[in-house]
Amino acid sequence: MRRLTLTVTLQQEGKDVNTLLRRQLGLSAGAVRRAKGLPDGILLDGEPVFTTARVRAGQILSAAVGDAVSSQQIQPVPGPLDILYEDQDLLVVNKAGGIPVHPSQGHHGDTLANFLMEYYEKNGLIAAFHPVNRLDRGTSGLMAVAKHAHAHEVLQGQLQRGELSRNYLAVCQGVPDPPAGIIEAPIGRAEGSILKRMVTPQGAFARTHYQVLNTGRGRSLVKLRLDTGRTHQIRVHLAHLGCPLTGDFLYGEETAELPGRFALHSASIRLLQPVTGEEIALEAPLPPELAALLT
């Protein structure tokens, strides 16, 4: 069980446990509530304590933030995992294109969630599946996964505030005009479809920055950065420019060159470690099958 600890200072003496958990350890009200529901969830000098208790300088306050149970509805299944970073609170994987993130109809044992549950079980870790930035099945690249609900809450907050940044690489059909710019077009659900999205005045605000890096074979390699995180945002915005992703079955056309995926890759991610605040920056190069689309 992951625990966070704090040694009470003279300046903190006399404060109540709840205040220190919230302000010093950064726990949300929900995280405090979860800790209170666990045996030995909140300890002061190793003894269970109420959150209303007052502390003395030199005492050690600790709270359990780890998950009490794993995602029992997700079956552990051995599978390929490319883990680029891991610590007590999160990991970052380089997901292959064509691998779904979540189990769904037709995909109950071949998803990233299945593979991570197997990895956790093999390494004696009790943790539910907490994806932070989600990738479509056809997208490859970097994806952060929290190991417990507290880390997930902190990282989701970073994502919403723009502190967790991601850059994508894509191969699209044609050459966007102009070759660099900002696509600011609202996105909503396409009429009559539960999956497809479209640019519509009734949609949610969405903004994508793009820059063409290279061209070849009537296609472009484009670098993209998102200011918002709408469903299918890059796919919809590039199609809106008249340059859909290569291999995108929903917004363009499939291609035999990319079986089971389309040409979108999460190439870099930058975030703050949810407990220490240390910056973590990672990159994943463009997969060979996407680079080959231009040559």
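Everything that follows concerns the structure shown earlier in this document.
Residues numbered from 1 in each chain as written. Predicted model: local features only at pLDDT ≥ 70, side-chain atom pairs only at ≥ 80, totals over all residues. Heavy atoms only, no water.

A. Structural detail: the side chain of Asp-89. Mapping Asp-89 onto the fold places it in the loop between strand E5 (83-86) and strand E6 (90-95). The class for Asp-89 is buried, based on a relative accessible area of 2%. In this structure, Asp-89 is in contact with Arg-2, Ala-146, Lys-147, His-148, Ala-151, Gln-273, Pro-274 and Val-275, ignoring residues within four places of it in sequence. (Helix = DSSP H or I, 4+ residues; strand = E, 2+ residues; numbered from the N terminus. Buried < 20%, exposed > 50% of the residue type's maximum accessible area, 1.4 Å probe, protein only. Contact = heavy atoms within 4.5 Å.)

B. Geometry of the pairing of strand E15 (residues 264-272). With respect to burial, E15 is a largely interior element, 7 of its 9 residues being buried. The pairing of strand E8 (residues 140-146) with E15 spans 2 bridges and is parallel. Among the inter-strand pairings, Gly-141 is bridged to a residue of E15, identified as Ser-266. In terms of strand pairing, strand E9 (residues 165-173) meets E15 through 6 bridges, oriented antiparallel. Bridging from a neighbouring strand, Ala-170 pairs with Leu-264 of E15. (Pairing = 2+ DSSP bridges.)

C. Just the state of the cysteines, in detail. Scanning the model with the defined rule gives 0 disulfides in all. There is no disulfide at Cys-172, and the cysteine sulfur nearest it, in Cys-243, is 4.8 Å away. By relative accessible area, which is 5% here, Cys-243 ends up buried. (Disulfide = S-S within 2.5 Å.)

D. Spotlight on a nonpolar patch on the surface. A surface patch of nonpolar side chains, amounting to about 350 Å² of accessible area, comprises Ile-194, Leu-195 and Phe-249. Secondary-structure assignment places Phe-249 in the loop between helix H5 (233-240) and E15. (Patch = residues over 30% accessible without salt bridge, like charges linked within 9 Å, V, L, I, M, F, W, Y side chains within 5 Å. Areas by Shrake-Rupley, 256 points an atom, 1.4 Å probe, with all protein chains shown as cover. Salt bridge = Lys/Arg side-chain N within 4 Å of Asp/Glu carboxyl O.)

E. Just the sheet that holds strand E1 (residues 3-7), in detail. Spatial strand order, E1-E4-E2-E3: 4 strands in an open sheet with antiparallel pairing. Where the open sheet ends on each side, the last strands, each with one partner, are E1 and strand E3 (47-48). Both strand E2 (residues 42-44) and strand E4 (residues 60-64) contribute to a ladder of 3 bridges, which runs antiparallel. Counterpart to Leu-44 in the pairing with E4 is Leu-61.

F. Focus on helix H2 (residues 29-36). The complete set of buried residues in H2 reads Gly-30, Ala-31, Val-32 and Ala-35. Where the residues of H2 are buried, they touch helix H1 (17-23), E2, E4 and helix H4 (149-161).

G. A look at the pairing of E9. Sheet analysis places E9 next to strand E14 (residues 219-226), joined by 7 bridges and oriented antiparallel. When the sheet's bridge partners are listed, Cys-172 is paired in E14 with Ser-220.

H. Just the side chain of Ser-266, in detail. Here Ser-266 shows up in strand E15. Setting aside chain neighbours within four positions, we find Ser-266 in contact with Leu-135, Thr-139, Ser-140, Gly-141, Leu-142, Asn-167, Tyr-168 and Ala-284.

I. Quick look at the environment of Leu-21. Assignment of secondary structure puts Leu-21 in helix H1. You can call Leu-21 buried: its relative accessible area is 0%. Sequence separation between Leu-21 and Ala-63 is 42 residues; the distance between their C-alpha atoms is 7.8 Å. Non-local contacts of Leu-21, meaning those with residues more than four positions away in its chain, are made with Gly-26, Leu-27, Val-32, Ile-42, Thr-51, Leu-61 and Ala-63.

J. Quick look at H4. Along its 13 residues, H4 runs 18 Å from first to last C-alpha, staying within 8% of the 18 Å computed at 1.5 Å per residue. Among all positions of H4, only Ala-149, His-150, Ala-151, His-152, Leu-155, Gly-157 and Gln-158 are buried. Following H4 by one or two positions, Gly-162 has its phi on the positive side, about 80°. (Expected span 1.5 Å × (residues − 1).)

K. Examining the pattern of salt bridges more closely. On inspection of all chains with the given rule, the structure shows 13 salt bridges. Glu-153 is the partner of Arg-34 in a salt bridge, and the nearest nitrogen-oxygen pair spans 3.2 Å. Placement of Arg-34 in helix H2 and of Glu-153 in helix H4 is noted, with a sequence separation of 119 residues between them. The partly exposed category is assigned to Arg-34, whose relative accessible area is 37%. Across the salt bridge formed by Arg-225 and Asp-227, the nearest N and O atoms sit 3.1 Å from each other.

L. View of the environment of Val-17. Relative to the helices and strands, Val-17 resides in helix H1. The exposure class assigned to Val-17 is buried, which follows from its relative accessible area of 0%. Separated by 34 residues in sequence, Val-17 and Thr-51 have C-alpha atoms that sit 4.7 Å apart. For Val-17, the residues in contact, after removing those within four places along its chain, are Ile-42, Val-49, Phe-50, Thr-51, Ala-53, Val-55 and Leu-61.

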